[in-house]
Amino acid sequence: MASSSSIMKRSESIVDTMPEALRQSRYHMKKCFLKYLEKGKRMMKLHHLMQEMESVIEDKDEKAQVLEGLLGYILCTTQEAAIVPPYIAFAIRPNPGFWEFVKVNSNDLSVEGITATDYLKFKESIVDETWANDENALELDFGSMDFKSPTMSLSSSIGHGVNFASKFITSKLYAQSGSQQLLVDYLVSLDHQGENLMVNETLNTVSKLQAALIVAHAALSSLPNDTPYQSFELRFKQWAPDPVNLEKFFSRVPSIFNVVLFSIHGYFGQSNVLGLPDTGGQVVYVLDQVVALEEELLLRIKQQGLSFKPQIIVVARLLPDAKGTKCNQVLEPVMKTKHSHIVRVPFRTEKGILRKWVSRFDIYPYLEKFTQDASAKVLEMMEGKPDLIIGNYTDGNLVASLMANKLGTTLGTIAHALEKTKYEDSDMKWKQLDPKYHFSCQFTADMIAMNSADFIITSTFQEIAGSKDRPGQYESHEAFTLPGLYRVVSGINVFDPKFNIASPGADQTVYFPYTETQKRFTSFQPAIEELLFSKVENDEHIGYLEDKTKPIIFSMARLDTVKNITGLTEWFGQNKRLRSLVNLVIVAGFFNPSKSKDREEMAEIKNMHLLIEKYELKGQIRWIAAQTDRNRNSELYRFIADSKGAFVQPALYEAFGLTVIEAMNCGLPTFATNQGGPAEIIVDGVSGFQIDPNNGDESSNKIADFFQKCKEDDGYWSRISDGGLQRIYECYTWKIYANKVLNMGNIYEFWKRINKEQKEAKQRYIELFYNLHYKNLVRTVPIATDEVQSAPVPK
Ligand code: UDP
Ligand code: LCN
């Protein structure tokens, strides 16, 4: 494939270079474009474009020539094309966060650069021509209020918003004397339950504060008390703000004591919940996050010389129909913390409290009432407003944004997954998908929360701006269309400094290396032996392992289609070499499809059974039902490490992938999908391996090669295991995370003040959108009813 640098200069745009590129291959391109047009109006993805091009250019050398030229480069950076004869419009993404749109006339191959808005209209005309041409079709332009706000410009800055904001604040404080007053006002405003924390009203101007600081410093310094100001004036000048010191300064400012987190859907609890529908990594993430945030808050409060107690509340849904979990309890202390609680608030409808679980896709009708009830509860428990509100996932983010807006609190949002990118063309096909998934509500709620957020916490760069080949989850919200409903011409800008990467970790008191033998939870060993090796088939495990001496490849996930556990089972089934080297152990779902409430899970369960039959896997596979005890699970990872095995995470797409870092923390060499977060966590061949979930042969051979090499090179397995651990300690710990997130809370509180006017204008726009549009969409989602009468809420 041609490299862009060899054929395109940085300054050149696609619209400038495409005419020449088409001219060079005019004969083939005309044929190729005719082929594209053959089926009439439609959308085509890159692989379709390539496939059809390859079918048209038969000669191998000619094909290579086209692909190696400029045209090859342009095509390879194309994400999709919209065909409306005689035109073909291309959406081209030369680099993460950078897009160009061009329209080519297939008759004369003339090229015209078009705007994102025109491209969207072009796409819409494929499914709804009348609406596409309607001059009054609703267009959303969240960027229109951002014209005064600073944004970043390089792909490499994406996700480092705090650095950018610190630099910007520094230069503003330095350059404009008036803006220093903003900082003074901020410091004066810092209080905790009415008690002034930093400076009092008598020091409410820059000059008064400066004077006071000078006196304070003089008193504290080692200089004799009578030393004249002039003799240390120069040193004071050197203390003028710089971005690094400013960030440090903000991390010391006592502005956060009370934090509210929202994690609403699913079963949110501390035991027996994992593996239940909609209940996966988000729960683990939020609980670990609370422990880490509390620890960091306590440390900071101590460093600040204060004696306040922090308070963290996680607000989740109260589920009377708790299915053996504690999700029907209103209040529950968070384990491993002293000052943090889970507070559960029920969903209320006209008929009373809803008892049963509802899928995250059907959750919208309950959220407004939930926000009101949750806000009242939080204000009562905290005896005042929180200092920071953080949402998780669409539902939690929406509720967090409504509450933060009402209370004027700084808002952070987190999206463990944005559903829009999970389902191909989910925006264009929204009408078709809405009865099942209610994407119109979900994408609208996402737009509202993202734009309300003062900062957005992401786990990886990929989540924001994707990789070279694949747009990021947030990037896919920059411009998109729901034909017939609205067209988003600027949804979110990935160069906005609100984006920050703070990757989670894994609880290291649970997930520690297999070599730390004195810490190991040895009491689980007999149960694990049974789980893996007994020949009995029951509700907990089916299949068996004939040769117990072989290393094990292990995978654990919810049985969602996207997790691709069935894909891994099929790769294993098809690869004789791999089967001769290792056994396969899967922890996922359960075995009876009729017991599942989840549409996708049912299909995956059936498929697992079919694959075990088809490839005659019994004797080489052990399929274990979902496991809910994380201590035992951690020992399972370590047990597999003892067998010199590996962990495999084969997902079609994974936003982050907590199992990947759990396995790596246990010292288990890990193979993980190259689609999404794991591609950033693992440095291929050094701290683990990346596998392509869309290329089963290549992936299963890569795993087989590893085990082959381990046989030939004694130290190989340990080198990869150590590489994984090193990577974790450097980048993926909760300590690093908590420090970053609290810095965000501090910096963006001030940032909000210096960008007050834009923030307020945007919020008005969002409110309008919420009231006039979102609420109507919510009315289309059916309200669930219980078969039995609603019960009183337990205390
Ligand atoms: N998990 C578990 N039992 C299972 C499946 C998963 O305890 O049967 C845990 C797993 O250890 C991890 C979390 O659930 O902590 C899954 O998080 P991940 O980020 O891998 O995926 P998600 O489910 O959030 O998409
Ligand atoms: C949800 C997911 O799908 C995972 O990729 C993440 O690891 C998890 O949440 C925690 O953020």
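Cut-offs used in this document
- Residues numbered from 1 in each chain as written.
- Chains lettered and ligands numbered in written order.
- Predicted model: local features only at pLDDT ≥ 70, side-chain atom pairs only at ≥ 80, totals over all residues.
- Heavy atoms only, no water.
- Pairing = 2+ DSSP bridges.
- Helix = DSSP H or I, 4+ residues; strand = E, 2+ residues; numbered from the N terminus.
- Axes fitted to C-alpha atoms, helices over the stretch in contact; angles between N-to-C directions.
- Contact = heavy atoms within 4.5 Å.
- 1 Å grid on protein atoms, 1.4 Å probe; cavity = no way out; pocket = protein on both sides within 12 Å on 5 of 7 lines; lining within 4 Å.
- Points joined across faces, edges and corners; volume = space filled by probe spheres on them.
- Nonpolar A, V, L, I, M, F, W, Y, C, P; charged D, E, K, R; others polar.
- Near = heavy atom within 4 Å.
- Polar contact = N/O pair within 3.5 Å; in protein donor to acceptor, adjacent residues only side chain to side chain.
- Areas by Shrake-Rupley, 256 points an atom, 1.4 Å probe, with all protein chains shown as cover.
- Sits in = over half its atoms within 2 Å of the grid points.
- Phe/Tyr/Trp six-rings, centres within 6.5 Å; stacked < 30°, edge-to-face > 60°.
- Buried < 20%, exposed > 50% of the residue type's maximum accessible area, 1.4 Å probe, protein only.
- Lys NZ or Arg CZ within 6 Å of the ring centre and 35° of its normal.
- Salt bridge = Lys/Arg side-chain N within 4 Å of Asp/Glu carboxyl O.
- Right-handed = clockwise from strand over helix to strand, strands pointing away.

Peer 1: How do you make sense of the sheet that holds strand 12 (residues 340-346) when you look at a structure like this?
Peer 2: Within a sheet, neighbouring strands are paired by backbone hydrogen bonds and run either parallel or antiparallel to one another. One open sheet accounts for eight strands, arranged 11-12-10-9-15-16-17-20; its pairing is mixed. The open sheet has two edge strands, strand 11 (331-333) and strand 20 (499-501), and neither has a second partner. Across this sheet, the average inter-strand angle for adjacent strands is 25°, counted without regard to direction. In this sheet, strand 17 (residues 455-458) lies alongside strand 16 (residues 410-414) in parallel orientation, the contact comprising three bridges. The residue bridging isoleucine 414 from the neighbouring strand is isoleucine 457, located in strand 17. Helix-sheet contacts for helix 15 (residues 367-382) involve strand 9 (258-262), strand 10 (311-318), strand 11 and strand 12, and the interaxial angle to strand 10 is about 150°.

Peer 1: Sorry if this is basic, but what is going on with empty space enclosed by the protein here?
Peer 2: To find leftover empty space, a probe the size of one water molecule is rolled over the atoms. Per the counting criterion, the structure on display carries eight cavities of 30 Å³ or more. As a volume, the largest cavity reaches approximately 830 Å³. For the lining of the largest cavity, the secondary-structure elements that each account for two or more residues are helix 14 (281-303) and helix 25 (658-665). If you add up the space inside the second largest cavity, you get close to 310 Å³. Together, 19 residues line the second largest cavity, and Asp146, Ser149, Asp496, Lys498 and Trp751 are the ones closest to its centre. Residue assignment for the lining of the second largest cavity shows that the elements contributing at least two residues are helix 29 (734-754) and helix 30 (756-778). Element by element, the count of residues in the lining of the second largest cavity is highest for helix 30, at four residues. Of the residues in the lining of the second largest cavity, the class split is five nonpolar, seven polar and seven charged.

Peer 1: Please clarify how the site of ligand 1 should be interpreted in this entry.
Peer 2: Residues in close proximity to ligand 1 total 19 residues, the closest being Gly281, Arg558, Lys563, Gln627 and Glu662. In this structure, lysine 563 approaches ligand 1 through a side-chain N or O atom, which is 2.6 Å from an oxygen atom. Between ligand 1 and glutamate 662 there is a distance of 2.5 Å, counted from an oxygen atom to a side-chain nitrogen or oxygen. Compared with its free state, where it exposes 540 Å², ligand 1 has 92% of that area covered by protein. More than half of the atoms belonging to ligand 1 lie within 2 Å of the grid points that define the largest cavity. Elements represented by at least two residues in the shell around ligand 1 include exactly helix 14, helix 24 (630-642) and helix 25. Per-class residue counts for the shell around ligand 1 are eight nonpolar, seven polar and four charged.

Peer 1: Help me understand the packing of aromatic side chains in this model?
Peer 2: Throughout the structure, instances matching the rule amount to 42 aromatic pairs. Between tyrosine 486 and phenylalanine 769 the ring centres are 5.5 Å apart and the planes differ by 75°, which places this aromatic pair in the edge-to-face class. Of the two residues, tyrosine 486 is situated in strand 19 (residues 486-490) and phenylalanine 769 in helix 30; the sequence distance between them amounts to 283 residues. A relative accessible area of 0% places tyrosine 486 in the buried class. Exposure remark for phenylalanine 769: the relative accessible area of 6% places this residue in the buried category. For the ring pair tryptophan 734 and tyrosine 737, a centre distance of 4.8 Å and an interplane angle of 75° mean the geometry is edge-to-face. Pair noted here: tryptophan 734 and tyrosine 737 are both in helix 29, with a separation of three residues, about one helical turn. On the basis of relative accessibility, which here comes to 0%, the residue tyrosine 737 falls in the buried class. Residue placement shows arginine 638 over the ring face of phenylalanine 521; its charged tip is 5.3 Å from the ring centre.

Peer 1: Is there a simple way to explain the sheet that holds strand 26 (residues 670-673) in this structure?
Peer 2: One open sheet holds the seven strands; their spatial order is 21-24-23-22-25-26-27, and the pairing between them is mixed. Edge strands, defined here as strands with exactly one partner in the open sheet, are strand 21 (541-545) and strand 27 (689-691). Between one strand axis and the next, the sheet turns through 20° on average, direction left out of account. Strand direction decides the pairing type here: strand 22 (residues 552-556) and strand 23 (residues 583-587), joined by five bridges, are parallel. When the bridges of strand 23 are listed, phenylalanine 554 appears paired with valine 585. Most of the contacts of helix 20 (residues 525-533) go to strand 24 (residues 620-624), to which it runs at about 120°, and overall it touches strand 21, strand 22, strand 23 and strand 24. On the sheet, helix 25 packs against strand 22, strand 25 (646-649) and strand 26 and is oriented at approximately 170° with respect to strand 25.

Peer 1: What should I look at first to understand the pattern of salt bridges in this one?
Peer 2: Where charged atoms from two side chains of opposite charge come close, those side chains can pair. The full count for this structure, using the stated rule, is 45 salt bridges. The salt bridge partner of glutamate 419 is lysine 422, with a shortest N-O separation of 3.6 Å. Judged by relative accessible area, which is 0%, glutamate 419 ranks as buried. A salt bridge links arginine 520 to glutamate 635; its shortest N-O distance comes to 2.7 Å. Of this pair, arginine 520 sits in the loop between strand 20 and helix 20 while glutamate 635 sits in helix 24, placing them 115 residues apart in sequence. Note on arginine 520: relative accessible area 10%, which makes it buried. The buried category is assigned to glutamate 635, whose relative accessible area is 0%. Where salt bridges share partners, they join Lys45, Glu80, Lys123 and Asp425 into one cluster.

Peer 1: Quick question: what am I supposed to make of the environment of alanine 89 here?
Peer 2: Tracing the chain through its elements places alanine 89 in strand 3 (residues 87-95). For alanine 89, a relative accessible area of 0% corresponds to the buried category. The residues touching alanine 89, leaving out its near neighbours within four places in the chain, are Glu80, Ala81, Ala82, Val102, Lys103, Ile114, Tyr119 and Phe122.

Peer 1: It is not clear to me how the pairing of strand 25 should be interpreted in this structure. Could you clarify?
Peer 2: The side chains of a regular strand alternate, first on one face of the sheet and then on the other. Going residue by residue along strand 25, you find Ala646 and Val648 tucked away on one face and Phe647 and Gln649 tucked away on the opposite face as well. Taken together, the two bridges between strand 22 and strand 25 define a ladder with parallel strand orientation. Bridge assignment links isoleucine 553 to a residue of strand 25, and that residue is alanine 646. Two elements, strand 25 and strand 26, share three bridges in a ladder whose sense is parallel. Among the inter-strand pairings, glutamine 649 is bridged to a residue of strand 26, identified as alanine 672. For the crossover from strand 25 across helix 25 to strand 26, the handedness is right-handed.

The analysis is restricted to geometry; functional conclusions fall outside its scope.
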